[in-house]
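# Examination of the molecular architecture
Okay, here's what each chain looks like letter by letter:
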Amino acid sequence: MRDAVRSVHEVPFSESATEPDLLRFPPDFLWGVSTAAHQVEGCNDHNQWSDWEQRGRIRSRDRCGDACDWWKNAECDFDLAQQMGLNALRLSVEWSRIEPREGQWHRESLLRYREMLKALLERGIEPMVCLHHFTNPRWFEQKGTFLGPDAARLFDRFARRVVEELGDLCRHWVTFNEPNVYASLGFVLGEFPPGRVGDVLTAFRVINSMARIHAIAYRSIHAVQPDARVGWAHNYIWFAPANSYSLLDRLVTRLLNELFNESFLRVLERGRHKFPFNLVGENLSETKGTYDFVGLNVYSRLTVSFDFRQRKQLCARVYVPPEVPQGDCGVDRPYGEACPEAVKIAVDRAAKLDKPIYILENGVPDASDRIRPWLLLNTLNEIYRLIETGRDIRGYFHWTLTDNFEWTEGWNLRFGLIELNPETQERTMRPSGIIYQSIALSNGLSRQMLEEHSRFG
Ligand code: BGC
């Protein structure tokens, strides 16, 4: 492993910018990266994603394999995060390792997570732990996941257990990562397990159920650890109508915005959906206000036009115009428009919830680092301006530290500040990694760097 990381160590540290040249961030700002257990740990076949892979559903045909080898050696990447001057790191715990069979707790897994959190703290890095990042233990999947009759009790029991075991090492908890992505990719677009297509109503029920379960876990976590800070990670997409003069384009864009961006968010904000969506489903009043912070995952802008042929997707054609800035393409579709201003749209909405905001994911698939430096610097510039105008943004977590296993895209899409060769586990710092290092070490953005990367391409 020592050899494998040599190329990173050899990269010279950039000097921090001098005072007048620097857009300085608040003193306790968190400079982090985000990761997820299944994407980095490797060698786990107890969850529904390993079944999905077995069934040949990874478009790139890749195998998750050892991923970034974190189960054995996350410390290698923690060293690199420390060298980069990061003071925060978001990871998730894998429920299927901790409770591989219903009601049976795997002590060694909990101990390994304790070891990982301690390793972060020893390096001056504050952990933020997410309890659910898309993966379910196989037995939970078989019981109907979040629609199963026992789902709330089972997830709550798991959440309590984790916080009891790890609470002395972590204060910030994310219950769910992106319920809106989990539900829409799993039940409308068929790209995530269980692979259902066009089942909008079920997706909506999944979101409602996850909101209720989030609220239950929120209260349990506080009961176990009174000073915990608990939130969730919300994926926010900027949907823009293809033709802003077209009533139908605008209508279908609003519908997507309501269902995707607003559903979970508004339920937690107000304890109910907006009319007419509040007519579907159960009473959600108990969910109101169950968050201490709002986590935002912001990646792209997508263009929307009305298309009667797309009936399974509510007559919405969602696409990326070819001329806009974008990173690498997926196996058979573009990933999205890389758009620094998207963070402003998301933050302005989240600010209405009147709690601290963390940007918990932001990044771009870009193996050759062609566009990442531009996106990183210009997104951070937006964040700086937002803080200046009074938005309470407490941290930025880039997705991601080291290239990792990108769900159905496998190794085809590379999001890392550090390049990974999954065969040899060799790591090589990308130029954007060096840029991020200098930002974190100086707690600010250098105007000169911004100037250098002011234009895309
Ligand atoms: C997910 C990550 C994923 C990233 C890049 C996010 O929506 O939380 O797991 O790797 O997007 O696609």
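Let me begin by describing the structure that accompanies this report. (Residues numbered from 1 in each chain as written. Predicted model: local features only at pLDDT ≥ 70, side-chain atom pairs only at ≥ 80, totals over all residues. Heavy atoms only, no water.)

## What about the overall build of the chain?
Here is the rule we go by: Comment: elements are numbered from the N terminus, with helices defined as DSSP H or I runs of at least four residues and strands as E runs of at least two. For a compact globule the rule gives 2.2 Å times the number of residues to the power 0.38, and the radius of gyration it is set against comes from C-alpha atoms. By definition, residues are in contact when any of their heavy atoms lie within 4.5 Å. His residues and chain termini do not enter the charge count, which takes Lys and Arg as positive and Asp and Glu as negative. Where a charge lies is defined by one atom per residue type: Lys uses NZ, Arg uses CZ, Asp uses CG and Glu uses CD.
Across its full length, the chain holds 15 helices and 14 strands. For 457 residues, the compact-globule formula gives about 23 Å, and the C-alpha radius of gyration of the chain, at 21 Å, lands near that figure. Each of the three principal axes of the chain carries a C-alpha extent, and together these read 60 × 60 × 45 Å. Restricting the contact set of the chain to residue pairs at least 6 apart, pairs at least 24 apart contribute 76%. Of the charged side chains in the chain, 56 are positive and 62 negative; the average position of the first set lies 6 Å away from that of the second.

## Digging into the pattern of salt bridges
Using the following cut-off: A side-chain nitrogen of Lys or Arg and a carboxyl oxygen of Asp or Glu constitute a salt bridge if their distance falls within 4 Å. Buried residues are those whose accessible area, probed at 1.4 Å on protein chains only, stays under 20% of the maximum for their type, while exposed residues exceed 50% and partly exposed ones sit between those limits.
Scanning the entire structure with this criterion turns up 40 salt bridges. A salt bridge links Asp 150 to Arg 153; its shortest N-O distance comes to 2.8 Å. Under the relative-accessibility criterion, Arg 153 is labelled partly exposed at 43%. One continuous salt-bridge network, built from bridges that share partners, spans Glu 258, Glu 262, Arg 266, Glu 269, Arg 270, Lys 274 and Arg 349.

## Some details on the layout of surface pockets
Spelled out, the test is: Cavities and pockets are defined on a 1 Å grid built over the protein atoms alone: a cavity is a set of grid points where a 1.4 Å probe fits but cannot escape, while a pocket is an open set with protein on both sides within 12 Å along at least five of seven lines, and lining residues are those with an atom within 4 Å of any such point. Grid points are joined across faces, edges and corners, and a volume is the space filled by probe spheres set on the points. For this scheme, ten residues count as nonpolar: Ala, Val, Leu, Ile, Met, Phe, Trp, Tyr, Cys and Pro. Four count as charged, namely Asp, Glu, Lys and Arg, and the remainder, Gly too, count as polar.
For the largest pocket, the calculated volume is near 1300 Å³. Lining the largest pocket are 47 residues; nearest its centre among them are Leu 185, Leu 189, Glu 191, Ile 237 and Leu 302. Elements with a contribution of two residues or more to the lining of the largest pocket: α9 (179–187), α10 (200–224), β6 (229–241), α11 (247–270), β7 (294–306) and β8 (316–319). No other element matches the 5 residues that α9 contributes to the lining of the largest pocket. Partitioned by chemical class, the residues of the lining of the largest pocket number 28 nonpolar, 11 polar and 8 charged.

## A look at the pairing of strand β4 (residues 126–132)
Applicable threshold: What makes two strands pair is DSSP finding at least two bridges between them.
The buried count for β4 comes to 6 of 7 residues, which makes it a mostly enclosed element. Sheet topology note: the strand β3 (residues 88–92)/β4 ladder contains 5 bridges and is parallel. Residue Ala 88 lies in a different strand from β4, and its bridge partner there is Glu 126. Relative to strand β5 (residues 172–177), β4 runs parallel, the two sharing 4 bridges. Across the sheet, His 132 pairs through a bridge with Phe 176, a residue of β5.

## Description of the side chain of Ser 263
Mapped onto the elements of the fold, Ser 263 is located in helix α11. For Ser 263, a relative accessible area of 3% translates into the label buried. With sequence-adjacent residues up to four places away left out, Ser 263 is seen in contact with Ile 207, Glu 258 and His 273.

## Brief notes about the packing of helix α13 (residues 372–388) against helix α14 (residues 431–442)
Heads up, the rule is: Lines are fitted to the C-alpha atoms to define the axes, a helix being fitted only along its stretch in contact, and any angle between axes, read from their N-to-C directions, falls within 0 to 180 degrees. Roughly parallel covers angles under 35 degrees, roughly antiparallel covers those over 145, roughly perpendicular covers 65 to 115, and oblique covers all other angles. What makes a crossing left-handed is the near helix being turned counterclockwise from the far one by less than a right angle; a clockwise turn instead makes it right-handed.
Between α13 and α14, whose axes approach to 9 Å, the crossing angle comes to 25°. Considering their axes alone, α13 and α14 lie roughly parallel with respect to each other. Pair α13 / α14 crosses with right-handed handedness. Along the contact surface, α13 presents Arg 372, Pro 373, Leu 376, Leu 377 and Leu 380, while α14 presents Ser 432, Ile 435, Tyr 436 and Ile 439. Among the residues making up the contact of α13 with α14, the classes are represented as 7 nonpolar, 1 polar and 1 charged.

## A look at the site of the ligand
Our working definition: Being near a molecule or strand, for a residue, means having at least one of its heavy atoms within 4 Å of it. N or O atoms within 3.5 Å of each other form a polar contact, as long as, within protein, one can give a hydrogen and the other can take it, and as long as residues adjacent in sequence are counted only when both atoms are side-chain atoms. By definition, a pocket or cavity contains a molecule when more than half of the molecule's atoms lie within 2 Å of the pocket's grid points.
In the region of the ligand, 13 residues are neighbours, and Gln 39, His 133, Glu 178, Tyr 335 and Glu 406 sit closest. Between an oxygen atom of the ligand and a side-chain N or O atom of Tyr 335, the distance comes to 2.7 Å. One nitrogen or oxygen atom from the side chain of Trp 399 is found 3.3 Å from an oxygen atom belonging to the ligand. According to the grid-proximity analysis, the pocket containing the ligand is the largest pocket. Among the residues making up the shell around the ligand, the classes are represented as 6 nonpolar, 4 polar and 3 charged.

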